[in-house]
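Residue-level structure breakdown
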Amino acid sequence: MTDTSAEFLPARERRGPRIFWLLRALAGDPMAVAAAIWLLIVVLAIFTDSLSLLGDNRISLKARNLPPFDFGQSWTLWLGADALGRPLLVRLIQAASTTIGIAVVTVLSSLIGGTLLGVIAGYFGGIVGNLIMRICDIILGFPTLLVALFGLYLFGPSVSNLVIVLAITRMPAYIRVARAETLEVRERLFVDAARVFGGGPAWILRTHILPSVAPTMLTLASVNLAMVMLFESGLSYLGLGIQPPSVSWGLMVAQGQGYLSSAWWLGFFPGLAVMLTTMSFNLLANWFRIVNDPSQHWRLVSRRR
């Protein structure tokens, strides 16, 4: 089976590994490059924080509400300090690890669970498939934010409860998409041939169905990363998400809203971080969709030219 994803490249360039082709395709999209650079900076900052290389983050009343862009101060104070004198840059990086960590764990949980349930519902159908889809319809009948607010109010705001609630509310989207893809793939000739040659359902699902469904599900997951980040930030802003002494971007915006007239940077920079990160995830999701859809490769050709 040929790699149609490289058809728009010259013949000599098709010989390289797919990773080099992906890098060349990424280089042809300036917006996707900018998004990848921003996310790489965020990941490196989180990694630096995990190694405790960011310096002191103790309370310092002398630096209380210190304005940003005072380059005579330590580099950790270049974005100013909060109401307790803690460096805002360090707080932003610590909040990034919380916000993005929750988003990644939530999306992975909903992706794995939703894909498996959707593939089962699409391939086997029957009572099991109908039951799975009716549960999805019930969950989709309520707004995601309303279900999350009710669940966190009922079970209490914590990181584990936040991940569980967000994963459950996002899972129906994966189930419906995986079921639709499976219904189409199971009618293809190579699946019929696998049945004729004695392939069992588990082997067919693992070998043929899941690899065919995976690109669409990964594209959906990349889009949902941005959505889950926004939901987590909104819930933390409302006081039902991350609780002090932990910190997230949404919580920082909530804590800074009382200082908008006197210390605008306390709420502005966390909000800017949320906007740039969600925009970057959306741009890369769009690029990933084009890369994995051969009918869209003409967009990559025009950008390279």
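The notes below deal with the structure included here. Remember, it's a predicted structure, so these values are computed and weren't measured experimentally. (Residues numbered from 1 in each chain as written. Predicted model: local features only at pLDDT ≥ 70, side-chain atom pairs only at ≥ 80, totals over all residues. Heavy atoms only, no water.)

**Describing helix H5 (residues 144-155)**
Think of an α-helix as turning once every 3.6 residues; residues three or four places apart then point the same way. With 12 residues, H5 ought to run about 16 Å at 1.5 Å a step, and its terminal C-alpha atoms sit 16 Å apart, in line with that. For H5, the complete set of buried residues consists of Thr144, Ala148, Gly151 and Leu152. For H5, the angular spread of the buried residues around the axis is 95 degrees, confining them to a single face. Facing away from the buried side of H5 by more than 90 degrees, the exposed set consists of Phe150, Tyr153 and Leu154. Structurally, H5 contributes buried residues whose contacts are with helix H6 (159-185) and helix H8 (201-237). Positive phi shows up at glycine 156, right after H5, with a value of about 95 degrees. (Helix = DSSP H or I, 4+ residues; strand = E, 2+ residues; numbered from the N terminus. Expected span 1.5 Å × (residues − 1). Buried < 20%, exposed > 50% of the residue type's maximum accessible area, 1.4 Å probe, protein only. Arc of directions from axis to C-beta. Contact = heavy atoms within 4.5 Å.)

**Details of the nonpolar core**
One finds Leu88, Leu162, Leu166, Ile209, Trp249 and Met252 to be the most contacted residues of the largest nonpolar core, which totals 50 residues. For this core, the secondary-structure elements that each account for two or more residues are helix H2 (30-50), helix H3 (88-124), H5, H6, helix H7 (189-196), H8, helix H9 (249-256) and helix H10 (265-291). Counting residues per element, this core draws most heavily on H8, at 12 residues. Apart from residues no more than four positions distant in its own chain, isoleucine 209 is found in contact with Val119, Tyr123, Thr182, Val185, Arg186, Val191 and Ile204. If you look at the next biggest cluster of nonpolar residues, it comprises 6 residues, including Ala121, Ile132, Met133 and Cys136. (Core = buried A, V, L, I, M, F, W, Y, C linked by side-chain atoms within 4.5 Å.)

**Thoughts on the environment of tyrosine 174**
Along the polypeptide, tyrosine 174 turns up in helix H6. In the structure, tyrosine 174 is positioned 50 residues away from asparagine 224 in sequence and 9.9 Å away in space, judged by C-alpha atoms.

**Let's talk about the packing of aromatic side chains**
Two descriptors summarise a pair of aromatic rings, namely the distance from one centre to the other and the angle between the planes of the rings. Taken as a whole and assessed by the stated rule, the structure comprises 7 aromatic pairs. Taking 5.4 Å as the distance between ring centres and 70 degrees as the angle between the ring planes, the aromatic pair formed by phenylalanine 268 and phenylalanine 269 counts as edge-to-face. When its relative accessible area of 42% is taken as the criterion, phenylalanine 268 is described as partly exposed. Here phenylalanine 269 falls in the buried class, since its relative accessible area comes to 9%. (Phe/Tyr/Trp six-rings, centres within 6.5 Å; stacked < 30°, edge-to-face > 60°.)

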